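The chain contents come next:
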Amino acid sequence: MKCRVCSGRIVIELRQHNAAFCAEHFMAFCRRQVERAIDKFSMFEPGDRVLVAVSGGKDSLALWDILVELGYAADGLVIGLGIDDYSEQSTAFARDFADQRGLTLHYHSLQDEHGFTVPSAAEATKRVPCSSCGLSKRHIFDSVALDHGYDVVVTGHNLDDEAAVLFGNVSRWQRDYLARQHPVLPAANGFPRKAKPLVRLGEREMAAYCVLNNIDYVVDECPMAAGNKHLEYKDLLNTMEVASPGAKHAFYFGFLDRAAELFSAAVEAKSGRPDENISPCVVCGSPSTNEVCSFCKLVELASRPVPVEIDTRRDMLDG
Ligand code: Q46
Ligand code: ZN
Ligand code: ZN
């Protein structure tokens, strides 16, 4: 097989597109797919200030690289989640990437700024780690974007991620989640716009993009992801993709073209616009439907000192 564009030596074959590319034209292909997603879903415009949510993994670093290559003003934000070595490594890869290219990277640490980590929050809330992790990330992305005047927050969710989330939502017919599953969410109620410019590219393409561009990234999965259903859904969808190349794309984009609007219309008709009861959180000022926002409640619960068992017999003896 030869490169579809120049007939040169190929580095990757993309069965779902019935195409193969050399290194140069594969990189151009990736940039074009990102541009197409940005245009089709009106994610942002040239001149907008973009904040990339960076995890140190292949997707977010490839996305940041592609946006900069396309000429967008894109800065990064990495959050110290306190997940042992994994968080340290992820932050180090993000820092190296930014330093090598002279890019701006914001850093916020849950432990230093809020007194807890993702594992300690999981213990305090008795819920899966991803629950407090997701809540914390959303809160910090939103507040950094608003504080620094970014127009949009972008994340590195790719086609594999979005198809797996869709599969999970459809398998339980979670109407409210299906109503919100869109590659761009407009700014509303004091929250910044959110977009996922990698929805036209898969995990394999992103890994290849990083290798070809000498982008070092954290390869290990987050240790807290064990038992995460989405990993199983990804395996299922990969099996479908082998049997029928393009199945993931058809599943996800078919939903966006033909079903997403029905879910958002149904949810809006049932519950009305959810923006009426929004007011600033009395602790942090972020928009919230409650007096105290969910993140501040989490901080309150997770940053409490761990109770220490006191041996009262000993105290009595000492006294
Ligand atoms: S980092 Fe956080 Fe993920 Fe780890 S704890 Fe879960 S949500 S799996 S993207
Ligand atoms: Zn070529
Ligand atoms: Zn708050």
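Preceding block: the structure.
Chemist: Kindly report on the packing of aromatic side chains, identifying the contributing residues and their values.
Modeler: Going through the model one piece at a time under the given rule, you end up with nine aromatic pairs. What links up through ring pairs into an aromatic cluster is the set Phe21, Phe26 and Phe29. We note Arg95 situated over the ring of Tyr107; from NZ or CZ to the ring centre the distance is 4.7 Å.

Chemist: Could you give an account of the coordination of the zinc ion (ligand 2), with specific residues and numbers?
Modeler: Taken together, Cys3 (SG), Cys6 (SG), Cys22 (SG) and His25 (ND1) make up the full set of protein donors to the zinc ion (ligand 2), lying 2.0 to 2.3 Å away. As a motif over one chain, the donors of the zinc ion (ligand 2) read C-x2-C-x15-C-x2-H. One end of the pair, Cys3, is in the segment before β1 (12-14); the other, Cys22, is in the loop between β2 (19-21) and α1 (23-40), with 19 residues separating them in the sequence. Overall, Cys22 belongs to the buried group, its relative accessible area being 9%.

Chemist: Kindly report on the nonpolar core, identifying the contributing residues and their values.
Modeler: Formed by 56 residues in total, the largest nonpolar core has its most connected members in Phe26, Phe44, Val52, Trp64, Leu67, Val154 and Tyr209. Take this core: its biggest share by element is seven residues, from α1. Sequence-distant contacts of Tyr209, that is, excluding residues within four places in its chain, are made with Phe26, Met27, Cys30, Ala62, Asp65, Ile66, Glu69 and Ile215. Counting residues in each nonpolar core, the second largest holds 28 residues, with Ile79, Val118, Ile140 and Cys281 among its members.

Chemist: Which residues make up the coordination of the zinc ion (ligand 3), and what values go with them?
Modeler: In this structure, Cys281 (SG), Cys284 (SG), Cys293 (SG) and Cys296 (SG) serve as the protein donors to the zinc ion (ligand 3), at separations of 2.3 Å. One can describe the site at the zinc ion (ligand 3) as tetrahedral: its four donor atoms subtend angles covering 106 to 113° at the metal. Site description for the zinc ion (ligand 3): donor spacing in sequence, C-x2-C-x8-C-x2-C. Taken together, the positions of Cys281 in the loop between β9 (279-280) and β10 (287-288) and Cys293 in the loop between β10 and α13 (294-302) put the pair 12 residues apart, joining distant regions of the chain.

Chemist: Which residues make up the site of ligand 1, and what values do they have?
Modeler: Around ligand 1, the structure places Cys130, Cys133, Lys137, Cys222, Met224 and Ala225. The class makeup of the residues in the shell around ligand 1 is five nonpolar, no polar and one charged.

Chemist: Describe the packing of α1 against helix α9 (residues 203-212), naming the residues involved and giving the relevant values.
Modeler: One way to put it is that α1 packs onto α9 with a least axis distance of 11 Å and a crossing angle of 125°. Relative to α9, α1 is oriented oblique. Of the two possible hands of crossing, α1 and α9 adopt the one that is left-handed. Counting all contacts with α1, which are made through Ala23, Phe26, Met27 and Cys30, the residues of α9 involved are Glu205, Met206, Ala208, Tyr209 and Leu212. Grouping the constituent residues of the contact of α1 with α9 by class yields eight nonpolar, no polar and one charged.

Chemist: Requested: an account of helix α12 (residues 260-271), with residues and values cited.
Modeler: Structurally, the α-helix is built with 3.6 residues per turn, so residues lying three or four positions apart point the same way. Between its first and last C-alpha, α12 extends 17 Å over 12 residues, near the 16 Å set by a 1.5 Å rise per residue. Turning to α12, its buried residues are Ala260, Phe263 and Val267. The buried residues of α12 occupy an angular sector of 70° when projected down its axis, which confines them to one face. Structural note: α12 exposes Glu261, Leu262 and Ala269 on the side pointing more than 90 degrees away from its buried face. At its buried positions, α12 is contacted by α8 (175-180) and α11 (247-258).

Chemist: Account for the layout of surface pockets, with residues named and values stated.
Modeler: Here the second largest pocket is characterised by a volume of approximately 370 Å³. For the second largest pocket, the lining is made up of 18 residues, of which Gln16, Arg204, Glu205, Glu241 and Lys248 are closest to its centre. Among the elements of the structure, β1, α7 (159-171), α9, α10 (229-243) and α11 are those that each provide at least two residues to the lining of the second largest pocket. For the lining of the second largest pocket, the per-class residue count stands at four nonpolar, five polar and nine charged.

Cut-offs and rules
Residues numbered from 1 in each chain as written. Chains lettered and ligands numbered in written order. Predicted model: local features only at pLDDT ≥ 70, side-chain atom pairs only at ≥ 80, totals over all residues. Heavy atoms only, no water. Phe/Tyr/Trp six-rings, centres within 6.5 Å; stacked < 30°, edge-to-face > 60°. Lys NZ or Arg CZ within 6 Å of the ring centre and 35° of its normal. Donors = N, O, S within 2.8 Å, 3.2 Å for Na, K, Ca; no water. Helix = DSSP H or I, 4+ residues; strand = E, 2+ residues; numbered from the N terminus. Buried < 20%, exposed > 50% of the residue type's maximum accessible area, 1.4 Å probe, protein only. Core = buried A, V, L, I, M, F, W, Y, C linked by side-chain atoms within 4.5 Å. Contact = heavy atoms within 4.5 Å. Tetrahedral: all angles 85-135°; square planar, octahedral: opposite > 155°, others 65-115°. Near = heavy atom within 4 Å. Nonpolar A, V, L, I, M, F, W, Y, C, P; charged D, E, K, R; others polar. Axes fitted to C-alpha atoms, helices over the stretch in contact; angles between N-to-C directions. Parallel < 35°, antiparallel > 145°, perpendicular 65-115°, else oblique. Left-handed = near helix turned anticlockwise from the far one by under 90°. Expected span 1.5 Å × (residues − 1). Arc of directions from axis to C-beta. 1 Å grid on protein atoms, 1.4 Å probe; cavity = no way out; pocket = protein on both sides within 12 Å on 5 of 7 lines; lining within 4 Å. Points joined across faces, edges and corners; volume = space filled by probe spheres on them.

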